[in-house]
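# Results of the structural survey
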Amino acid sequence: LTLSGGLLLLLAATRRSLVTWAEARETLGLPALAGFPPLGPAPREEPALAEFAALLLDARRGRGEGAAVLLLPAGAGADERQGLARALALEAGARARRPTLLLDLESDGAAHLRALGGAPEPVEERVPGHVLAFPTACETLWVAYESQHSHLTDPHAGMAEAERLLGLLRREFELILMVGGPPGESYALRRLAALADATVPVVNAATTTLPAARAAGAARRAAGAAR
């Protein structure tokens, strides 16, 4: 028993991953908004997801016209941001019936479309740099396709063009969930973090290390991201 207790103390002293909400708050310097069990590859109903989606949609109140734009920036390791964004989009779009766009800047969005009952369709004319979105099995939930090549991440497009594109999307949706890389990875991503209404880092208790969380928090602050 003594040996086991000593081993547990040693593991606790030398561990590098985040375990408690208090650690996440202190490391990132941000309030903890919600906690979820492992979501898995297929989105499912979860009370905490419903509450978090309601919080995001209610935060739009008082802003006048236009969607709330939320950025889930990359942290480190398998933080499950992709699955969380898809589950939140499903909660807001399908269950709350609010026009929602899932916009993944790290992939072409095809996996999200397949998981949500949609597919890319042929397009005769496409405006260069704009975001192309396709419907899913739910008429109020859309997924952006190949948005990683849009003006949102193009450093040559300029701040005004990125802001104008976001303005066009705001008029069509009530909630825009963006999945992006680390804010410090490029100027285009730092610019996007500043344009979003809020950034929500995702921490996985099993894989996100303390150094990685601190680095992600520092990159977020350096990018001037909204709280």
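Let me sum up the structure you'll find in this document. (Residues numbered from 1 in each chain as written. Predicted model: local features only at pLDDT ≥ 70, side-chain atom pairs only at ≥ 80, totals over all residues. Heavy atoms only, no water.)

### Some words on the pairing of strand β1 (residues 68-72)
On any regular strand, side chains alternate: one points to one face of the sheet, the next to the other face. Cut-off, in case you're wondering: Each residue gets one of three labels from its accessible area relative to the maximum for its type: buried under 20%, exposed over 50%, partly exposed in between, using a 1.4 Å probe on protein chains only. Working definition: helices are DSSP H or I runs of at least four residues, strands are E runs of at least two. Numbering for both runs from the N terminus. At least two DSSP bridges between two strands are required for those strands to pair.
Of all five residues making up β1, five are buried, and the element is well covered by its neighbours. Of the two faces of β1, the one carrying Ala68, Leu70 and Leu72 and the one carrying Val69 and Leu71 are both buried. Alignment of β1 against strand β5 (residues 175-179), held across five bridges, turns out to be parallel. In the strand pairing of β5, Leu70 is matched with Leu177. Where β1 and strand β6 (residues 198-199) come together, two bridges link them in parallel fashion. The residue bridging Leu71 from the neighbouring strand is Thr199, located in β6.

### Digging into the packing of helix α6 (residues 159-172) against helix α7 (residues 187-195)
Helix-helix packing: each pair is described by the crossing angle between the helix axes and the interaxial distance. Heads up, the condition is: Fitted lines through C-alpha atoms serve as axes, helices being fitted only where they are in contact, and the angles separating the N-to-C directions of these axes extend from 0 to 180 degrees. To sort the angles, those under 35 degrees are grouped as roughly parallel, those over 145 as roughly antiparallel, those from 65 to 115 as roughly perpendicular, and the leftovers as oblique. Crossing handedness follows the turn of the near helix against the far one: under a right angle anticlockwise gives a left-handed crossing, and clockwise gives a right-handed one. Contacts are residue-level and defined by heavy atoms, with any inter-residue pair within 4.5 Å sufficient. The nonpolar class holds Ala, Val, Leu, Ile, Met, Phe, Trp, Tyr, Cys and Pro. Asp, Glu, Lys and Arg form the charged class, and all remaining residues, Gly among them, are polar.
For the pair α6 and α7, the least separation of the axes is 11 Å and the interaxial angle reads 45°. Considering their axes alone, α6 and α7 lie oblique with respect to each other. The crossing of α6 and α7 is right-handed. In contact with Met159, Ala162, Glu163, Leu166 and Arg170 of α6, α7 contributes Tyr187, Arg191, Leu192 and Leu195. Considering only residue class, the contact of α6 with α7 consists of six nonpolar, no polar and three charged.

### Topic: the nonpolar core
Generally speaking, nonpolar side chains in soluble globular proteins are found buried as a group. The condition is simple: Among buried residues, those of type Ala, Val, Leu, Ile, Met, Phe, Trp, Tyr and Cys that are joined through side-chain atoms within 4.5 Å constitute a nonpolar core.
Formed by 32 residues in total, the largest nonpolar core has its most connected members in Leu56, Leu70, Leu84, Leu88, Leu102, Leu175 and Leu177. Looking at this core, the elements that each hand over two or more residues are α3 (47-58), β1, α4 (81-95), α5 (110-115), β3 (132-135), β4 (141-145) and β5. Among the elements that make up this core, the one with the highest residue count is α4 (seven residues). Leu84 has contacts with Phe36, Leu39, Leu49, Leu72 and Val202, leaving out every residue within four places of it along the chain. Residues Leu71, Leu101, Phe173 and Ala196 belong to the second largest nonpolar core, which totals 19 residues.

### Topic: α7
Every buried residue of α7 is listed here: Ala188, Leu189, Arg191, Leu192, Ala193 and Leu195. Contacts made by the buried residues of α7 are with β1, α6, β5 and β6.

### Digging into the pattern of salt bridges
The condition that has to hold: Take a side-chain nitrogen of Lys or Arg and a carboxyl oxygen of Asp or Glu: if they are within 4 Å of each other, that pair is a salt bridge.
Applying the stated criterion to the full structure yields six salt bridges. Arg97 is the partner of Glu139 in a salt bridge, and the nearest nitrogen-oxygen pair spans 3.1 Å. Placement of the pair is Glu139 in the loop between β3 and β4 and Arg97 in the loop between α4 and β2 (100-104), with a sequence separation of 42 residues. Relative accessible area serves as the criterion here: at 43%, Arg97 is assigned to the partly exposed category.

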